Amino acid sequence: DAGVIQSPRHEVTEMGQEVTLRCKPISGHDYLFWYRQTMMRGLELLIYFNNNVPIDDSGMPEDRFSAKMPNASFSTLKIQPSEPRDSAVYFCASSLTDRVAKNIQYFGAGTRLSVL
Amino acid sequence: GQNIDQPTEMTATEGAIVQINCTYQTSGFNGLFWYQQHAGEAPTFLSYNVLDGLEEKGRFSSFLSRSKGYSYLLLKELQMKDSASYLCAVRDLGSGGSYIPTFGRGTSLIVHP
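The residue count restarts for each chain, going from 1 along the sequence in the order it is written. Chain labels run from A onward and ligand labels from 1 onward, assigned in the order the entries are written. pLDDT decides what is reported in this predicted model: residues at 70 or higher carry local features, side-chain atom pairs at 80 or more are listed and counted, and totals for whole chains, interfaces and linings draw on all residues regardless. Here the side-chain values reflect all heavy atoms present in the structure, with hydrogen atoms and water set aside.

Asks: Is there a simple way to think about the nonpolar core in this case?
Replies: The tendency in soluble globular proteins is for nonpolar side chains to be buried side by side. Grouped together as the largest cluster of nonpolar side chains are 21 residues, with contacts concentrated most on W34(A), L77(A) and Y90(A). Looking at this core, the elements that each hand over two or more residues are β3 (19-24), β4 (31-38), β5 (42-50), β7 (65-71), β8 (74-79), β9 (88-95) and β11 (111-115) of chain A. Two residues qualify as a contact provided that any one of their heavy atoms is within 4.5 Å of a heavy atom in the partner residue. When neighbours within four sequence positions are excluded, Y90(A) is seen to be in contact with Q6(A), L21(A), Y35(A), R36(A), L46(A), F65(A), L77(A), I79(A), G110(A), T111(A) and L113(A). Counting residues in hydrophobic clusters, the runner-up holds 20 residues, among them L32(B), L75(B), A84(B) and V111(B). Put simply, buried Ala, Val, Leu, Ile, Met, Phe, Trp, Tyr and Cys residues joined by side-chain atoms within 4.5 Å make one nonpolar core. Type-normalised accessible area, obtained with a 1.4 Å probe on protein chains alone, sets the label of each residue: buried when under 20%, exposed when over 50%, and partly exposed for intermediate values. Numbering of helices and strands starts at the N terminus; helices are DSSP runs of H or I of at least 4 residues and strands are runs of E of at least 2.

Asks: How do you make sense of the sheet that holds strand β1 (residues 5-7) of chain A when you look at a structure like this?
Replies: Whether parallel or antiparallel, the strands of a sheet pair through hydrogen bonds between backbone atoms. Residues and elements named next belong to chain A. Spatial ordering of the open sheet is given by β1-β3-β8-β7, a layout of four strands whose pairing is antiparallel. Each edge of the open sheet is held by one strand with a lone partner, namely β1 and β7. In this sheet, adjacent strand axes meet at a mean angle of 15 degrees when their direction is disregarded. Two strands qualify as a pair provided DSSP detects at least 2 bridges between them. Only C-alpha atoms enter the line fits that serve as axes; for helices the fit covers just the stretch in contact. Angles between N-to-C directions range over 0 to 180 degrees.

Asks: What is the right way to read the interface of chain B and chain A from this model?
Replies: Note: interface size is frequently given as the accessible area lost on complex formation between the parts. Chain B puts 19 residues into the contact, and the matching count from chain A is 23 residues. Here the buried area means the combined drop in accessible surface, using a 1.4 Å probe, for two parts upon being joined, counting both sides. Summing both sides of the interface, chain B and chain A together bury roughly 1600 Å²; the carbon and sulfur share of this comes to 56%. Together, I100(B), F103(B) and R105(B) form the three largest contributors to the area buried by chain B at its contact with chain A, with a combined 28%. Whenever Lys or Arg places a side-chain nitrogen within 4 Å of a carboxyl oxygen from Asp or Glu, that contact is recorded as a salt bridge. At the junction of chain B with chain A, the criterion picks out zero salt bridges. For the purposes of these results, a polar contact is taken to be a pair of N or O atoms within 3.5 Å, where, inside protein, one atom must be able to donate a hydrogen and its partner to accept one; residues adjacent in sequence count only when each atom of the pair is a side-chain atom. Linking chain B with chain A are five residue pairs in polar contact (both at pLDDT 80 or more), by the criterion used here. If you list the elements that add at least two residues to the side of chain B that touches chain A, you get β4 (32-37), β5 (44-49), β9 (84-93) and β10 (99-103) of chain B. Polarity classes work like this: nonpolar for Ala, Val, Leu, Ile, Met, Phe, Trp, Tyr, Cys and Pro, charged for Asp, Glu, Lys and Arg, and polar for all others, with Gly in that last group. Looking at the side of chain B that touches chain A, its residues break down into 10 nonpolar, six polar and three charged.

Asks: When you look at unusual backbone geometry in this model, what are you seeing that I'm missing?
Replies: Apart from glycine, the bulk of residues carry a negative phi angle, and the bulk of peptide bonds sit in the trans form. Residue and element names in this part refer to chain A. Cis peptide bonds are those with omega within 30 degrees of zero, and the linkage from S7 to P8 qualifies with -10 degrees. Following Q80, the chain continues into P81 via a peptide bond in cis, with omega recorded as -5 degrees. Checked against the element boundaries, P81 lands in the loop between β8 and β9. At N51, a position not held by glycine, the phi torsion is positive, near 50 degrees.

Structure, rendered in structure tokens:
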């Protein structure tokens, strides 16, 4: 498997624009997580899905953020409108519920977002 | 909720041994992970502890004491490539009803010659 695939790797946009981040989890994994990482706050969980269903979105900063998982192989995180304080690295991770797999999370390479 | 504490930064010499500590306070504990993250890269899995004791994997070992809410990651025979951030993550019952990990802020390890 190619691992968790995120796109784009880098995104530079202007304040007020819509940003869409994409993630393809590892095939067969049943959990998908979206994280945001900054120097100030570390790695923060935004939302996670189980079998394509959003389970907990309490980490989503505000209504400008939304996430979807229309099928088992694709998820998006959308920010509309974007603001400079949204600048961060956004990671997607997936895991498998299994005693052997231990729910280890596998992370994508991340999307580095800069909002000017 | 959780409270996970690890040192912000540590330095060590190539070839030496370093121990990175992690303390946590949580209810419904269901495992502790250590991840390594090189600058500009994604976190990668290092170790997992769910029972008390030491898990050894090559140069890296991880220890857990559930009663003390304490874990450490031990790195032996340090190499320059071990310079990275080390993240402690504790899994417990989240508000969504699933066991999910929460990450500490990470410990930045600098290995010098």
